[in-house]
Amino acid sequence: MAAASCPALLAACLALHLATARGDGCSGFGNLFTEIAENSAHGSLVARLPPPGDAGGAGGGLQLCLVGADAAWFYLDGRSVRLNVSAGRALDREELESPVLMVALTCAEDGSSPVEFRIIVQVLNENDNRPHFQGATVLTHNVSELAPVHSVVFSAQAEDADGDTLMYVIDTASPDARFFRIDLPNSGRVVLARALDFESRRHLEVVVTAVEMNTRERFNASARVRVNVLDGDDQYPQFLPCTPRAPHSPPVCTSPVYTANVTEGQLQGGPLSFSPGAVYAEDGDRGLRAAITYSLLAGQESSRFHIDNVTGAITLLRAVESSRQTPEICLSVMASQVNDPSKYAVARALVRVLAPNRHPPRFPRARYRAFVAAAPRRAALLLTFGGEALALRAHDPDFPEGVNPQVRYTLSPGANQSQQLFQVMPNGLLVAQADQLRPGQSYRLQVLARDEESGETSNTTVELEVLWPGQAAPRDPSEPAAGRGLPAGAVSIPPRTFKAPRTPKPLQTPSPPHTSRTPIREPEVVPAGAGRQVPPEPPPALLPLPALEELSEESLEEAPGGDPRGAPPLLQLLEDSIEC
């Protein structure tokens, strides 16, 4: 600043009248270079001026003044320059336009022109600011599941007002730290460490921490980053219902086999009804749901059918003439994405050709009475009047002799825990867990017969009474004392067969195989104790016991005429070969 301007600023300066000195009193001053730390307290020493002995002049006094844009930060205290701050005005290096403050020191002696000197003060940086991330402490980024591994997926940048060098790390304790890593320690760029999958994980969370590298305090800041995984077109169409290949495995589906029935010589009005559901596929990318188109692949009988390319509904166009010549037709259905035909899936649709079905299966009676004695053994057959084994049979007039091989018997869920205590065998026999029953109890069992081809059903009720151990089943009160008959659907087994000792008897020589289409023969009822007696002594050899599914009405009857090759007690067979 020009010397002529000093008189105008003298009123604003703190004047110091020095003791009279000989010669030129300002000759001992010069430019000063000094430092002071930011956030220093008021009155902190900035610089010391030369002592009076260094000024060689005589007479008159000295006048000192601080001027300049940064002069307000300082004041003169004798021959000391001190810091001028207040509670609301601290020396903060980050708030200054420049970290270097410059003031002019003017020195004037009586009768002489003022002389100007420079005082340059550098404000030293203190670590008084912690790093912080730009924006909120919870950051959100969207990343496509198709992002390649080892590519930069987002950047987490922090700021430090002190200008300290920052190093970035991923907190390994964060939930999904294994999916990411830092590219370079001081870059803040986050790299994908493993592939993403929208179908298994749609949201990830990771914590990124910024740490000061060049300070003693090592201040740090953390940001929680939530990553939204965006769906990409990386999945193929999937037929429903979807059956995963293995539990807890990636959602890769095995296509179901659709089945439907048609009747020979008939056209069905409308699309075929398939099981386990309609032919339907959807895009495996659930976030995209690309449109699907359907088509039938060429096959031997595919020309008989038409498929709607939008809905997947399959319609029979030409009737099948004979179920004997063409018992079933296998179709291959392809579902592909409209926007990318190279992404497709194929499923099988099995169309079974049935003979005309005019009658559903029916039980001869709507209600049966049954008895079983409580016993320590695990398995026991249900008996009807006279101690005869109860074997239920549903009659289907559509089959020769009324035997439909596709009929399956089940117990309907009901009260009394019937599903745990009782079981119906494929041949219609009913088995009870005798060791779980108590005398005097009664049960109502609902037995269901279902034609697996047509889906038609029939049911009957079995009213069961639990007897005391060793108590015989009562006789039918509605029948005469001799020659009692069995209820329709019951199979005759002589009572002594069940009371025979455990001594094994050989099985009779196998007869020609019994087919499910053979009608059930009405058995001849033989009163207890008359005929069909157990031989007094067992034969020396025992043939292997048959499996449960091989038991039939024939295996429940003894050989006629007291043939020693009679069957062993049926309860023994059950206890030895049945898993209740």
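Look up: the structure comes first, before these words.
How each quantity is defined
Residues numbered from 1 in each chain as written. Predicted model: local features only at pLDDT ≥ 70, side-chain atom pairs only at ≥ 80, totals over all residues. Heavy atoms only, no water. Salt bridge = Lys/Arg side-chain N within 4 Å of Asp/Glu carboxyl O. Buried < 20%, exposed > 50% of the residue type's maximum accessible area, 1.4 Å probe, protein only. Helix = DSSP H or I, 4+ residues; strand = E, 2+ residues; numbered from the N terminus. Pairing = 2+ DSSP bridges. Disulfide = S-S within 2.5 Å. Phe/Tyr/Trp six-rings, centres within 6.5 Å; stacked < 30°, edge-to-face > 60°. Lys NZ or Arg CZ within 6 Å of the ring centre and 35° of its normal.

**Student:** Mind laying out the pattern of salt bridges, listing which residues take part and the relevant values?
**Tutor:** According to the stated counting rule, one finds 15 salt bridges in the structure shown. Among the ionic pairs, Arg 289 bridges to Glu 282, the shortest N-O distance being 3.5 Å. Arg 289 sits in the partly exposed class, given a relative accessible area of 38%. Owing to a relative accessible area of 17%, Glu 282 belongs among the buried residues under this scheme. Between Glu 452 and Arg 450 there is a salt bridge; the shortest N-O distance is 3.9 Å. Exposure remark for Glu 452: the relative accessible area of 33% places this residue in the partly exposed category.

**Student:** Describe the pairing of strand 27 (residues 367-373), listing the residues and the values that go with them.
**Tutor:** If a strand is regular, its side chains alternate between the two faces of the sheet. Most of strand 27 sits out of view: five of its seven residues are buried. Inspection of the sheet shows strand 27 paired to strand 33 (residues 457-467) by seven bridges, in the parallel sense. Paired with Val 372 across the two strands is Val 466, which belongs to strand 33.

**Student:** Help me get a handle on the state of the cysteines, residues and values and all.
**Tutor:** Tallied over the full model, the rule gives one disulfide. The disulfide partner of Cys 242 is Cys 253, and the S-S distance across this bridge is 1.6 Å. Between Cys 242 and Cys 253, the S-S torsion sits near -85°, and that sign places the bridge as left-handed. Within this pair, whereas Cys 242 is found in the loop between strand 17 (238-239) and strand 18 (243-244), its partner Cys 253 is found in strand 19 (residues 253-254), the two being separated by 11 residues in sequence. The class of Cys 242 is partly exposed, set by a relative accessible area of 32%. According to the relative accessible area criterion, Cys 253 is buried, its value standing at 16%.

**Student:** Give a detailed account of the packing of aromatic side chains, specifying residues and quantitative values.
**Tutor:** Scanning the entire structure with this criterion turns up seven aromatic pairs. Judged by centre distance (5.9 Å) and plane angle (65°), the rings of Phe 154 and Phe 180 are edge-to-face. With a gap of 26 residues between them, Phe 154 in strand 10 (residues 152-155) and Phe 180 in strand 13 (residues 180-182) connect regions that are remote in the sequence. For the residue pair Phe 154 and Phe 180, the accessibility class agrees, reading buried in each case. A cation sits over an aromatic face here: Arg 89 above Trp 73, 3.7 Å from the ring centre.

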